[in-house]
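# Architecture and fold: a report
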Amino acid sequence: MIAAQQDIAAKYGVPPPRRPRGAGWRGWRDVFWLGVYVPAYRAVPWRMRSAIMRRMPGSHRMRWTDSHRARGPAT
Amino acid sequence: MRTVLVTQRIVAIGGGAAGIGAAGAAKATDPTADVRVYTEFEDVGYSPCGIPYVHGKEIPDFERLFLATKETYEASGIDVHYQTEVTGIDTGQKSVEVRGEGTVSYDKLIVCTGFEYAPPGVPGGDLGGLYYVKNIRRAMEWDKVLDGVKTAVVVEASPLGLEMVTALCHRGIETHLVDPDAWALAAATDPDIAGPVQDSWLEMGAKLHFNTMLTGFVGEGTVRAVSTSDGDIPCDLAVVCTKKQASTTLARAAGIKIGSAGGVIVDEGMRTTTPEVWAAGDCIEVPHSVSQIPIQGLSGSHAYAQGKVAGTNAAGGQRAYQPVSVPWGMVAGEWMIGGVSFSETLATALGIPHVVGVAEGISRARYYPGVKKLRVKLLAEPGTLRLIGAQMVGAEGIKERADFLAMAVRTGITVGELATMENVYSPPIGALNEPIALSAQNLLSGLGR
């Protein structure tokens, strides 16, 4: 989310999220998430990421029927 | 005396929007059923969402938040057990353990255990003076406390946080907002949408501390300051508005399956993975209509509708719920903000491909008194140009547009269709050019179409 906020803040010319530091700095965990995980995540195409997420357990894997959308004249 | 043959016992755990919706629907579907609701609180059938507006004095008293009396539920045949805690579920024996009542059997069970605020996870979390907005009786007590509060800190710019900052400013309390993100409601909104809200808070006297980590609550017995990565903020009260987490302790202990978003797994009928057990409201997760990824922690209107589905089906009826596109809206500062589905920030964070169109329109005819600016941003899927998200900020007409755009997302309407939409033109209520259509047209122009 921090990486996305940096991109969006730059687009709209508003102050970006600060890199975590001081009391909020979580050391190498932040280095990993921002420096390794985000570039790796972004390198994977959305379709693949989406497919992985959809294979995780959850309500989305239960039965959900698309509501029927009527086409053509209503009368 | 007329005797009614009870056909089945339906037990709902939880008396919030989902639990009461479920009980009402169950009784309507099977009037002969013994429908029981167990709630740990003193009341059911009120609107907790109205609490910030009583604190802000927009609503004069808490009594107006009650939607029905206890007698109303009695008269409708719903047996509500107040201040009664359910401590366990035995799905094998089809019974619940109730404190003070012992083992109570059920034919159908509906789990509506709601949410809990995420723990702040910092020292001092057990101090007095930390207000978690949830229960109306506690809110009545806190409202009296607010009369003596000079300085308050709101922790996190969540939807509730936005409402509480606005309410406390209206109350004349010096209000600080502490949030780790770069702008308000940063997961759901974009900075161009949150910007006007933040400016209006500053005009109302609020002190905004974005990009600021909460590090502790300081005091002896009662909070006297909130510690942050940028120093201590002295205060009389801290309102903790952290993320809503599904309350699944009972369900999890009973072996009812929990999903990747942290909520109880349900299908379109609100059936859990356990026979004869349904679930609804903030304790469940449901699929998002665009991404098909499960999400959790929605609004009261979602919880109530889910409860209706669960109650109807538990009682033997047939009703289905739909994947959600999550229209939302609220008053924050002097503005209304709202949207549906993805913001630009969230779509970027998830890596969902999207194209964006933005337009600033007006809410009424340009010459009509009270006309306000209205900014509409649309997100569409590249290629198909199906609408996948929207964001808005204005002073009126946000809720109706969010509802409309949610249907547009659900039904797969494209930006091309929105660009040529028809719209109401009537000077007091609508301008010649609909801002949604202008935004769609700008999106198409940006693509050279």
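Basis of the calculations
- Residues numbered from 1 in each chain as written.
- Chains lettered and ligands numbered in written order.
- Predicted model: local features only at pLDDT ≥ 70, side-chain atom pairs only at ≥ 80, totals over all residues.
- Heavy atoms only, no water.
- Helix = DSSP H or I, 4+ residues; strand = E, 2+ residues; numbered from the N terminus.
- Buried < 20%, exposed > 50% of the residue type's maximum accessible area, 1.4 Å probe, protein only.
- Areas by Shrake-Rupley, 256 points an atom, 1.4 Å probe, with all protein chains shown as cover.
- Axes fitted to C-alpha atoms, helices over the stretch in contact; angles between N-to-C directions.
- Parallel < 35°, antiparallel > 145°, perpendicular 65-115°, else oblique.
- Contact = heavy atoms within 4.5 Å.
- Nonpolar A, V, L, I, M, F, W, Y, C, P; charged D, E, K, R; others polar.
- Patch = residues over 30% accessible without salt bridge, like charges linked within 9 Å, V, L, I, M, F, W, Y side chains within 5 Å.
- Salt bridge = Lys/Arg side-chain N within 4 Å of Asp/Glu carboxyl O.
- Pairing = 2+ DSSP bridges.
- Right-handed = clockwise from strand over helix to strand, strands pointing away.
- pLDDT = per-residue confidence, 0-100.
- Buried area = accessible area lost by both parts, 1.4 Å probe.
- Polar contact = N/O pair within 3.5 Å; in protein donor to acceptor, adjacent residues only side chain to side chain.
- Left-handed = near helix turned anticlockwise from the far one by under 90°.
- Lys, Arg positive; Asp, Glu negative; His and termini not counted.
- Charge placed at Lys NZ, Arg CZ, Asp CG, Glu CD.
- Disulfide = S-S within 2.5 Å.

Counting its regular elements, chain A contains three helices and zero strands. Going residue by residue from the N terminus, the α and β elements of chain A occur as α-α-α. Expressed as a percentage of its 75 residues, the buried residues of chain A come to 28%. Accessible surface computed for chain A: about 5700 Å², of which carbon and sulfur atoms make up 60%.

Here we come to the packing of helix H1 (residues 2–12) of chain A against helix H2 (residues 28–43) of chain A. In a pair of packed helices, the angle between the axes and the distance between the axes together describe the arrangement. All names here are of chain A. The interhelical angle for the contact between H1 and H2, taken along N-to-C directions, is 75°, at an axis separation of 10 Å. Comparing their axes, H2 and H1 come out roughly perpendicular. Each of Ile-2, Ala-3, Ala-4 and Asp-7 in H1 lies in contact with H2, whose residues at this interface are Leu-34, Val-38 and Arg-42. A breakdown of the residues in the contact of H1 with H2 according to their chemical character gives five nonpolar, no polar and two charged.

Moving on, we get to a nonpolar patch on the surface. Taken together, the side chains of Phe32(A), Trp33(A), Val36(A) and Tyr37(A) make up a nonpolar region of the molecular surface, amounting to roughly 390 Å² of accessible area. By the element assignment, Val36(A) lies in helix H2.

With that settled, the discussion passes to the sheet that holds strand E4 (residues 86–90) of chain B. Backbone-to-backbone hydrogen bonds join strands into a sheet, with any given pair of strands oriented parallel or antiparallel. Residues and elements named next belong to chain B. Across the sheet, three strands lie side by side as E4-E5-E6; this open sheet has antiparallel pairing. Bordering the open sheet on either side are E4 and strand E6 (102–105), each of which pairs with just one other strand. Direction aside, neighbouring strands of the sheet carry axes that sit 25° apart on average. Bridging between strand E5 (residues 95–98) and E6 involves four bridges; their strand directions are antiparallel.

Let us now look at the side chain of Ser95(B). Here Ser95(B) is to be found in strand E5. If sequence neighbours within four positions are ignored, Ser95(B) has contacts with Gly88(B), Ile89(B), Asp90(B), Thr103(B), Val104(B), Ser105(B) and Tyr106(B).

For the rest of this paragraph, the subject is the pairing of strand E11 (residues 174–178) of chain B. Residues and elements named next belong to chain B. With four of its five residues buried, E11 lies for the most part within the structure. For the segment spanning strand E10 (residues 151–155), helix H5 (residues 159–170) and E11, crossover handedness is right-handed. When E11 meets strand E12 (residues 207–209), the two strands line up parallel, connected through three bridges. Its bridge partner lying in E12, His-176 is registered against Lys-207.

With that settled, the discussion passes to the confidence of the model for chain A. Here chain A averages 80 in pLDDT, and 76% of its residues register 70 or above. Mean pLDDT in chain A bottoms out at H2(A), which sits at 81, and peaks at H1(A), which reaches 90.

Our focus in this paragraph is the interface of chain A and chain B. Taken together, the contact pairs 33 residues of chain A with 48 residues of chain B. With both chains or domains summed, chain A and chain B bury close to 3200 Å², and 62% of this area falls on carbon and sulfur atoms. Summed over the three residues of chain A that lose the most area to chain B, namely Tyr12(A), Trp46(A) and Trp64(A), the buried surface amounts to 20% of that side. Connecting chain A to chain B are two salt bridges. Of the charged contacts, one joins Arg63(A) and Glu268(B) as a salt bridge, the two residues approaching to 3.1 Å between their closest N and O atoms. Across the contact surface, chain A and chain B share 14 residue pairs in polar contact (both at pLDDT 80 or more). Only H1, H2 and helix H3 (46–54) of chain A provide two or more residues apiece to the side of chain A that touches chain B. Here the side of chain A that touches chain B takes seven residues from H1(A), the largest share from any one element. Within the side of chain A that touches chain B, the residues separate by chemical class into 17 nonpolar, eight polar and eight charged.

We now examine the packing of helix H1 (residues 17–29) of chain B against helix H8 (residues 300–314) of chain B. All names here are of chain B. Where H1 meets H8, the axes come as close as 7 Å, and the angle between the chain directions of the two elements is 30°. In this structure, the crossing between H1 and H8 has a hand that is right-handed. Counting all contacts with H1, which are made through Ala-17, Ala-18, Gly-21, Ala-22, Ala-25, Ala-26 and Thr-29, the residues of H8 involved are Gly-300, Ala-303, Tyr-304, Gly-307, Lys-308, Gly-311 and Thr-312. Of the residues that constitute the contact of H1 with H8, the class distribution is seven nonpolar, six polar and one charged.

Residue and element names in this part refer to chain B. A surface patch of like charges, here negative, comprises Glu-71, Glu-74, Asp-79 and Glu-101. Relative to the helices and strands, Glu-101 is located in the loop between E5 and E6. Judged by its relative accessible area of 34%, Glu-101 falls in the partly exposed class.

With that settled, the discussion passes to the state of the cysteines. Think of a disulfide as a covalent bridge from one cysteine sulfur atom to another cysteine sulfur atom. Residues and elements named next belong to chain B. Counting across every chain of the model gives zero disulfides over all chains. A disulfide-free cysteine, Cys-49 has its sulfur positioned 13 Å from the sulfur of Cys-241, the nearest such atom. For Cys-169, which is in no disulfide, the shortest distance to another cysteine sulfur is to Cys-241 and amounts to 13 Å.

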